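Here are the chains, one letter per residue:
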Amino acid sequence: MSDNQIVDSSFTAIINASIEKIDIPTWCFTLPEKEYQSCSPAHIAAGFTTAPDGTRMSINVETIGGSLMVQHYVETLGERDHLILDSDSDVFTPTGRVAIHVIWELSVKAIDKNHCEFTNRVQSFATPDMLASLDRQGIPFEIFRTQRQPMSIAHNKGETPLFAASIERHALRSQQPSKAA
């Protein structure tokens, strides 16, 4: 763990679909808001747009550990079985707005012809802005990290099987033949 890393959390779940049917970037960048909300009671809103350079971006709003977060996830790797998103997220705390750097990595690997293992990995890092805010409040970073980790890890643990189920539904739905008009 680097000096400014807050958490590195990874959980897995099974997807009952073949790897050929899975397309994580398409799932992520077309995820309906209600579907996102169904993956965690902490999820508030989701949408997608593009960064100024045209790169796909997922916008997620959630509350973790009592702090409202607005995440601006920019795609840095987009393969059908592997998606990496990078965000300088806004965190709204009782003492003001600070930024936290988050890397969200979603991947699948085939177990057999009809099942995959989904991995949901989240890494977060304190930005200089966040470290300065903690310093102004007299809060040692180690204390903050120790208190933040259990909330972030519990959030990831809870959403991972629900994300896997959502990706599975998307994979199976996208393979159905279209109905004639």
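Residues numbered from 1 in each chain as written. Predicted model: local features only at pLDDT ≥ 70, side-chain atom pairs only at ≥ 80, totals over all residues. Heavy atoms only, no water.

1. Quick look at the side chain of Glu 168
The line we're drawing: Put simply, DSSP H or I for four residues or longer makes a helix, DSSP E for two residues or longer makes a strand, and each gets a number counted from the N terminus. Think of it in three bands: with a 1.4 Å probe and only protein chains considered, a residue is buried below 20% of the maximum accessible area for its type, exposed above 50%, and partly exposed in between. Charged residues are defined narrowly, with Lys and Arg counted positive, Asp and Glu counted negative, and His plus the chain ends left uncounted. Here, a salt bridge means any side-chain nitrogen of Lys or Arg that lies within 4 Å of a carboxyl oxygen of Asp or Glu. The contact definition used throughout considers only heavy atoms, calling two residues in contact when any of these lie within 4.5 Å.
Residue placement: Glu 168 occurs in helix 4 (residues 141-174). The buried charged residue Glu 168 lacks any salt bridge partner; its closest oppositely charged side chain belongs to Arg 169, at an N-O distance of 7.2 Å. Those residues within four positions of Glu 168 in sequence are excluded, and the remaining contacts are Ile 14, Ile 15 and Asn 16.

2. Quick word on the nonpolar core
Note the following rule: Among the buried residues, those of types Ala, Val, Leu, Ile, Met, Phe, Trp, Tyr and Cys that are joined through side-chain atoms within 4.5 Å form a nonpolar core.
Counting residues in each nonpolar core, the largest one holds 37 residues, and the members touching the most others are Ile 15, Ile 22, Trp 27, Leu 85, Leu 106, Phe 118 and Met 130. Listing elements by their share of this core, those giving two or more residues are strand 1 (5-15), helix 1 (24-29), strand 4 (67-79), strand 5 (82-93), strand 6 (96-112), strand 7 (115-126), helix 3 (128-137) and helix 4.

3. Describing the packing of aromatic side chains
We count it as follows: Only Phe, Tyr and Trp rings are paired, with Trp represented by its six-membered ring, and only when their centres lie within 6.5 Å; those with planes under 30 degrees apart are stacked, over 60 edge-to-face, the remainder tilted.
Per the counting criterion, the structure on display carries 4 aromatic pairs. Each ring, one from Trp 27 and one from Phe 163, has its centre 5.5 Å from the other, and the planes form 80°; the classification is edge-to-face. With Trp 27 in helix 1 and Phe 163 in helix 4, this pair connects stretches of sequence that are 136 residues apart. When its relative accessible area of 2% is taken as the criterion, Trp 27 is described as buried.

4. Observations concerning the sheet that holds strand 3 (residues 56-64)
Put simply, the rule reads: The pairing criterion for strands is at least two bridges between them, as found by DSSP. Axis definition: a line fit to C-alpha positions, over the contact stretch in the case of helices; interaxial angles, taken between N-to-C directions, run 0 to 180 degrees.
Read from one edge to the other, the open sheet built from 7 strands follows the order 1-7-6-5-4-3-2, with strand pairing classed as antiparallel. Looking at which strands have only one partner, the edges of the open sheet turn out to be strand 1 and strand 2 (43-50). This sheet shows a mean twist of 20° between the axes of neighbouring strands, independent of strand direction. Two elements, strand 3 and strand 4, share 8 bridges in a ladder whose sense is antiparallel. Residue pairing in the sheet places Glu 62 in a bridge with Met 69 of strand 4. Along the sheet face, helix 3 touches strand 1, strand 6 and strand 7 and points at about 130° away from the line of strand 6. Relative to the sheet, helix 4 contacts strand 1, strand 2, strand 3, strand 4, strand 6 and strand 7, its axis offset from that of strand 1 by approximately 20°.

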